[in-house]
Amino acid sequence: GAGLGDPGKLAGLEFVVTSASTVRSGFFDRLYGAAKLHRTIGNGLGVAAGIEGVTLSGEATFDPSLYVVATKVQQIGTGAYFNSVTWNGGLGTKRFAAPSADDDQQGGVGLFASAAIKANASTSLIADYTGQDLNLGLSFAPFSTLPITISPAIVDLLGDYTDGNANPKN
């Protein structure tokens with residue numbers, strides 16, 4: 001991903017490219033893109049609007065999703081550990097909306113939310129409800145001099161999906 005602009009002064013624009021393919025099918029065989037326009041309001045508040053799941057290469061397995069989101073960063077301490085929580089809540093289409101019981105397509109608009117607790121200067125613990133499933137992750141920056149972040153996660157903890165195509169279990 002990459003970002004442009006200053007969300008505190010006017011707005012920031014972020015672009016992300018994600019490989020959805022694995023070692024078996026070959027990395028970068030299926031690429032998806034996302035873009036987000038965001039603004040910091042002040043007092044730890046921010047707002048954003050974006051699109052994700054735009055097919056850049058390979059065969060699409062889902063349609064792009066649009067979303068709007070509000071963010072609040074809340075200080076909960078002054079020490080070096082567990083000193084802030086970031087809350088997110090928003091509305092989104094496609095992957096953020098619960099699947100319809102009648103077919104394998106997502107419904108109209110759904111709610112989503114997440115929270116991240118800052119464990120230390122380079123690590124956060126994350127819980128993410130997408131409107132369809134629950135994910136837990138860890139985000140960390142292993143190198144203090146390189147702008148690289150690694151975010152492994154356990155996804156679909158609610159077990160609502162048998163595959164990546166929003167086919168609910170019956």
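Just so we're clear, the structure is a prediction, and the values are computed from it rather than from any experiment.

Secondary structure summary: the chain contains zero helices and 10 strands in total. The helix and strand sequence of the chain, counted from the amino end, reads β-β-β-β-β-β-β-β-β-β. Counting the 170 residues in the chain, one finds 22% classified as buried. Contacts in the chain between residues far apart in sequence, at least 24 positions, make up 34% of those at least 6 positions apart. Roughly 10600 Å² of accessible area belongs to the chain as shown, and the carbon and sulfur atoms make up 62% of that amount.

Here we take up the sheet that holds strand S4 (residues 45-57). Spatial strand order, S1-S2-S3-S4-S5-S6-S7-S8-S9-S10: 10 strands in an open sheet with antiparallel pairing. Lying at the two open borders of the sheet, with one neighbouring strand each, are strand S1 (2-5) and strand S10 (153-154). In this sheet, strand S8 (residues 123-129) lies alongside strand S7 (residues 109-120) in antiparallel orientation, the contact comprising seven bridges. The residue bridging Ile117 from the neighbouring strand is Leu125, located in S8.

The subject of this paragraph is the side chain of Ser84. Its place among the elements puts Ser84 in strand S6 (residues 84-93). When neighbours within four sequence positions are excluded, Ser84 is seen to be in contact with Gln74, Gln75, Ile76, Ala116, Ile117 and Lys118.

Let us now look at the pattern of salt bridges. Per the stated rule, a full pass over the model turns up three salt bridges. With a closest N to O distance of 3.6 Å, Lys36 and Glu14 form a salt bridge. Note that Lys36 is positioned in strand S3 (residues 31-42) and Glu14 in strand S2 (residues 12-19), a separation of 22 residues in sequence. We classify Lys36 as partly exposed; its relative accessible area is 22%. The partner of Glu52 in a salt bridge is Arg95, and the shortest N-O contact between them spans 2.1 Å. Taken as a pair, Glu52 in strand S4 and Arg95 in the loop between S6 and S7 lie far apart in primary sequence, 43 residues in all. Since its relative accessible area comes to 31%, Arg95 is described here as partly exposed.

A few words now on the pairing of S7. For S6 and S7, the ladder comprises 10 bridges, and the chain directions are antiparallel. Across the sheet, the residue bridging to Trp87 is Ala115, located in S7. In this antiparallel pair of consecutive strands, S7 and S8, the connection spans two residues.

Let's shift gears to unusual backbone geometry. The phi dihedral of Asn43 falls on the positive side, at around 55°, and the residue is not glycine. Residue Lys94 is not a glycine yet carries a positive backbone phi of 50°. Mapped onto the elements, Lys94 comes out in the loop between S6 and S7.

The rules behind these values
- Sequence positions are assigned chain by chain, starting from 1 and proceeding in written order.
- Note on the predicted model: pLDDT of at least 70 is required for a residue's local features to be given, and 80 or more for side-chain atom pairs to be given and counted; whole-chain, interface and lining totals, by contrast, use all residues.
- Values reported for side chains reflect all heavy atoms of the structure, with hydrogen atoms and water molecules removed beforehand.
- The secondary structure listing takes helices from DSSP runs of H or I that are at least 4 residues long and strands from runs of E that are at least 2 residues long, numbered from the N terminus.
- Only protein chains enter the accessibility calculation, which uses a 1.4 Å probe; a residue is then buried when its area is under 20% of its type maximum, exposed when over 50%, and partly exposed in between.
- Note on contacts: a residue pair is in contact if any heavy atoms of the two residues lie within 4.5 Å.
- Each accessible area is a Shrake-Rupley result for a 1.4 Å probe, and residues are judged covered by the shown protein chains and nothing else.
- Strand pairing is defined by DSSP finding a minimum of two bridges between the two strands.
- What makes a salt bridge here is a side-chain nitrogen of Lys or Arg within 4 Å of a carboxyl oxygen of Asp or Glu, nothing more.

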